[in-house]
Amino acid sequence: MEVRKPVIKSIPYDEFKDNKGLEKIVDELQEGGVNVIVGSLDQAINWGRSNSLWSLTFGTSCCGIEFMAVGCARYDFSRFGFEVTRNSPRQADLIMCAGTITNKMAPVFKRLYDEMAEPKYVVAVGGCAISGGPFKNSYNVVRGISEIVPVDVYVPGCPPRPEAILYGMMQLQR
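Residues numbered from 1 in each chain as written. Predicted model: local features only at pLDDT ≥ 70, side-chain atom pairs only at ≥ 80, totals over all residues. Heavy atoms only, no water.

For the structure on display, the rule yields 4 salt bridges. A salt bridge links Glu 118 to Lys 120, with the nearest nitrogen and oxygen atoms 3.8 Å apart. A relative accessible area of 62% means that Glu 118 is categorised as exposed. Overall, the relative accessible area of 13% leaves Lys 120 in the buried class. Residues Arg 161 and Glu 163 are paired through a salt bridge, measuring 3.3 Å at the closest nitrogen-oxygen approach. On the basis of relative accessible area, Glu 163 is assigned to the partly exposed category, the value being 38%. (Salt bridge = Lys/Arg side-chain N within 4 Å of Asp/Glu carboxyl O. Buried < 20%, exposed > 50% of the residue type's maximum accessible area, 1.4 Å probe, protein only.)

Dropping the structure here:
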């Protein structure tokens, strides 16, 4: 099998192989008034992914209602790039658990987490998702989803205000 060298107009192949030649070409272009951004494709893709989080919502009680309020016109979380919610874990970047998780729901929650593609993030919204909330002494309530999956961001409150949910999502973007 023959390996062909790429042909790039105005850039000789030998100069393209090292960074010094590429930096020289970029400097020449910038001196001529052309704006050039140099980076890797991975950096561009990761920037796009960090600014367009798609969530899989697992809202079980009053915290789920507060999450719905964040999507309304008053708070409008589409300004921040995370208005798209997915119904399939294969299309989601993060799972937002809002509300009480019972022992019966825990295996389903874990399975949804396992079906998500890497990298994946978890946001625990409300006291029940963080620590079991007022139901923590009940025999059927999980004492925080951190017992099931690793949590990236905790949004405290019972239920948390929409502003707190927005702040937690912005912390995840950072």
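There is more to say, and it comes next.
Glancing now at helix α4 (residues 62-70). Because each turn of an α-helix spans 3.6 residues, side chains separated by three or four positions end up pointing in the same direction. Those residues of α4 that fall on the buried side of the exposure criterion are Cys 63, Gly 64, Phe 67 and Val 70. For α4, the buried positions fall inside an angular range of 105° around the axis, keeping them on one side. Exposed and facing more than 90 degrees away from the buried side of α4 are Ile 65 and Met 68. Where α4 is buried, its residues touch β1 (55-59), β2 (85-86), β3 (94-98), β4 (121-125) and α7 (162-173). (Helix = DSSP H or I, 4+ residues; strand = E, 2+ residues; numbered from the N terminus. Arc of directions from axis to C-beta. Contact = heavy atoms within 4.5 Å.)

This part takes up the nonpolar core. Core analysis: the largest hydrophobic core is formed by 19 residues, its most contacted members being Ile 95, Ile 101, Phe 109 and Ile 145. Of all the secondary structure elements, the ones that give two or more residues to this core are β1, β3, α5 (106-115) and β4. By residue number, the principal contributor to this core is α5, which donates 4 residues. Residues within four places of Ile 145 in sequence aside, it is in contact with Cys 97, Ile 101, Phe 109, Val 122, Ala 124, Ala 129, Ile 130 and Val 151. Within the second largest apolar cluster, 18 residues are counted, among which are Val 70, Phe 77, Met 96 and Ile 165. (Core = buried A, V, L, I, M, F, W, Y, C linked by side-chain atoms within 4.5 Å.)

The next subject is the environment of Phe 77. Tracing the backbone through its elements, the reader meets Phe 77 in the loop between α4 and β2. Looking at Phe 77, the relative accessible area reads 8%, which means it is buried. Ignoring any residue separated from it by four or fewer positions in sequence, one finds Phe 77 in contact with Phe 67, Val 70, Gly 71, Phe 82, Glu 83 and Leu 166.

A word on the pairing of β4. Every other side chain in a regular strand lies on the same face of the sheet, so the side chains alternate between the two faces. The buried fraction of β4 amounts to 4 of the 5 residues, a majority that puts the element mostly inside the structure. Pairing analysis gives 5 bridges linking β3 to β4, with the strands arranged parallel. Residue pairing in the sheet places Leu 94 in a bridge with Tyr 121 of β4. Between the parallel pair β3 and β4, the chain is carried across by α5, and the sense of this crossover is right-handed. Across 3 bridges, β4 lies against strand β5 (residues 153-155) in parallel orientation. Residue pairing in the sheet places Val 125 in a bridge with Val 155 of β5. (Pairing = 2+ DSSP bridges. Right-handed = clockwise from strand over helix to strand, strands pointing away.)

Turning next to the sheet that holds β1. Taken in spatial order, the 5 strands of this open sheet run β2-β1-β3-β4-β5, and their pairing is parallel. Looking at the sheet topology across the chains shown, the edges are occupied by β2 and β5. Across the sheet, α7 touches β3, β4 and β5, and the angle it forms with β5 is around 170°. (Axes fitted to C-alpha atoms, helices over the stretch in contact; angles between N-to-C directions.)

This part is about unusual backbone geometry. Most peptide bonds are trans, and most residues other than glycine sit at a negative phi. Between Glu 118 and the following residue, Pro 119, the backbone shows a cis peptide bond with an omega angle of -10°. Here Pro 119 is to be found in the loop between α5 and β4. Across the junction of Cys 158 and Pro 159, the peptide omega takes the value -15°, indicating a cis bond. Position of Pro 159 relative to the elements: it lies in the loop between β5 and α7.

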